[in-house]
Amino acid sequence: MEPLRFNNLELRLAHSVADLDAAQALRYRIFYEEMGAQPSSLCQEQSRDVDRYDEFCDHLLVIDLEKGTEAVPYVVGTYRFLRSSVAQKHGGFYSESEFDLCNLKVFPGEIMELGRSCIDAAYRRRGAMQLLWRGIAAYIHIHDVQIMFGCGSIHGTDLKEQARVLSYLHHFHKAPGHLRPRALEEHYIPMKMLKRKEVDIELAQRELPPLLKGYLRLGGYIGDGAVIDHQFNTIDVCVIVETENVTSKYIRHFSRDRREKKKVLAPVATGNPVQIYS
């Protein structure tokens, strides 16, 4: 996957210990310091968000080239990828601690788990998310990924406060049976908290977290049941996206309601420019 540049930002995969360390530092600031997650003693000691999956996952990075150095990159956005062909060699997927993925794991093609997504607060309106989505599209093309999935998180753990959003996801975005993950029995929380006719659709859509809303705009589905993640202070649902929809819907989404004209995102190496809408 070739690095891409947009103004002062570079998108590429991590390829060094320093790259991974910078991504883990960003994750710690966002998840623990900003969003109130509870760090393990190891995470707190290192001021890094770390787990056993980091070692064998691919990490997509957005780097501000005007800050930091090549030896110590200034990472402002990140995503973590785990393909099924890799997960099989390393004990499975992160999401399996919360969801039964049997329906997905028997899928004959390549599937991929996405997770640990975050962006520095100062860059959330500066194109970093568009770059990350462009990187996802390139990565799934290179590896012929046909389905991507992961835990979609809703901030907070108060089920009553999220009854409308959870009910909306249940009634209007449930995954087809052959792809549908289910929350593990010991964690299972029913999402049907309101009847279909009781759900204020427009209000529920406004209350959706931006990343979860982005998955749904790409035709994403939601599994059966939610899980409370007390460590990360979230309510998790399992999101599934069939990747054939990603590129075209991604472009249409980011071309809507934009105040600027389309810009060119150029590969660092020689090659044809890629259009991105900002």
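Above this text sits the structure in question.
Residues numbered from 1 in each chain as written. Predicted model: local features only at pLDDT ≥ 70, side-chain atom pairs only at ≥ 80, totals over all residues. Heavy atoms only, no water.

Student: Help me out: how do you make sense of the packing of aromatic side chains in this one?
Tutor: Two descriptors summarise a pair of aromatic rings, namely the distance from one centre to the other and the angle between the planes of the rings. For the structure on display, the rule yields ten aromatic pairs. An angle of 65° between the planes, with centres 5.9 Å apart, marks the rings of Tyr53 and Phe56 as edge-to-face. Of the two residues, Tyr53 and Phe56, both sit in the buried class. Through a chain of ring-to-ring contacts, the aromatic side chains of Tyr28, Phe31, Tyr32 and Phe232 assemble into a single cluster. Over the aromatic face of Tyr94 sits the side chain of Arg80, whose NZ or CZ is 5.8 Å from the ring centroid. If you follow Arg182 out to its NZ or CZ, it ends over the ring of Tyr188, 4.1 Å from the centre. (Phe/Tyr/Trp six-rings, centres within 6.5 Å; stacked < 30°, edge-to-face > 60°. Buried < 20%, exposed > 50% of the residue type's maximum accessible area, 1.4 Å probe, protein only. Lys NZ or Arg CZ within 6 Å of the ring centre and 35° of its normal.)

Student: Explain the pairing of strand β11 (residues 234-242) here, please?
Tutor: Looking down a regular strand, the side chains alternate between one sheet face and the other. Of all nine residues making up β11, eight are buried, and the element is well covered by its neighbours. Summarising the sheet, strand β7 (residues 145-155) and β11 pair through nine bridges and their orientation is antiparallel. Counted as the bridge partner of Ser153 is Asp236 from β11. Taken together, the two bridges between strand β9 (residues 221-222) and β11 define a ladder with antiparallel strand orientation. Among the inter-strand pairings, Tyr221 is bridged to a residue of β11, identified as Ile240. When strand β10 (residues 227-229) meets β11, the two strands line up antiparallel, connected through three bridges. Note that in β11 the partner of Asp229 across the bridge is Thr234. Here β10 hands over to β11 after four residues, with Asn233 in that stretch at a positive phi of 60°. (Helix = DSSP H or I, 4+ residues; strand = E, 2+ residues; numbered from the N terminus. Pairing = 2+ DSSP bridges.)

Student: Sorry if this is basic, but what is going on with helix α6 (residues 163-172) here?
Tutor: Because each turn of an α-helix spans 3.6 residues, side chains separated by three or four positions end up pointing in the same direction. With eight of ten residues buried, α6 lies mostly within the body of the structure. Of the residues making up α6, those classed as buried are Ala163, Val165, Leu166, Ser167, Tyr168, Leu169, His170 and His171. In this structure, the buried residues of α6 make contact with β7, α7 (201-207), α8 (210-217), β9 and β11. (Contact = heavy atoms within 4.5 Å.)

Student: When you look at the side chain of Glu10 in this model, what are you seeing that I'm missing?
Tutor: Looking at the secondary structure, you find Glu10 in strand β2 (residues 9-13). Classification of Glu10 as buried rests on a relative accessible area of 8%. Within polar-contact distance, the side chain of Glu10 engages the side chain of Arg12 at 3.1 Å. (Polar contact = N/O pair within 3.5 Å; in protein donor to acceptor, adjacent residues only side chain to side chain.)

Student: I'm lost on helix α1 (residues 17-34) in this one. Help?
Tutor: Here α1 contains 18 residues, and its C-alpha end-to-end distance of 25 Å stays within 8% of the 26 Å for a straight helix at 1.5 Å per residue. For α1, the set of buried residues is Asp19, Leu20, Ala22, Ala23, Gln24, Ala25, Leu26, Arg27, Tyr28, Ile30, Phe31 and Tyr32. Of the residues flanking the end of α1, it is Gly36, one or two places downstream, whose phi is positive at about 80°. (Expected span 1.5 Å × (residues − 1).)

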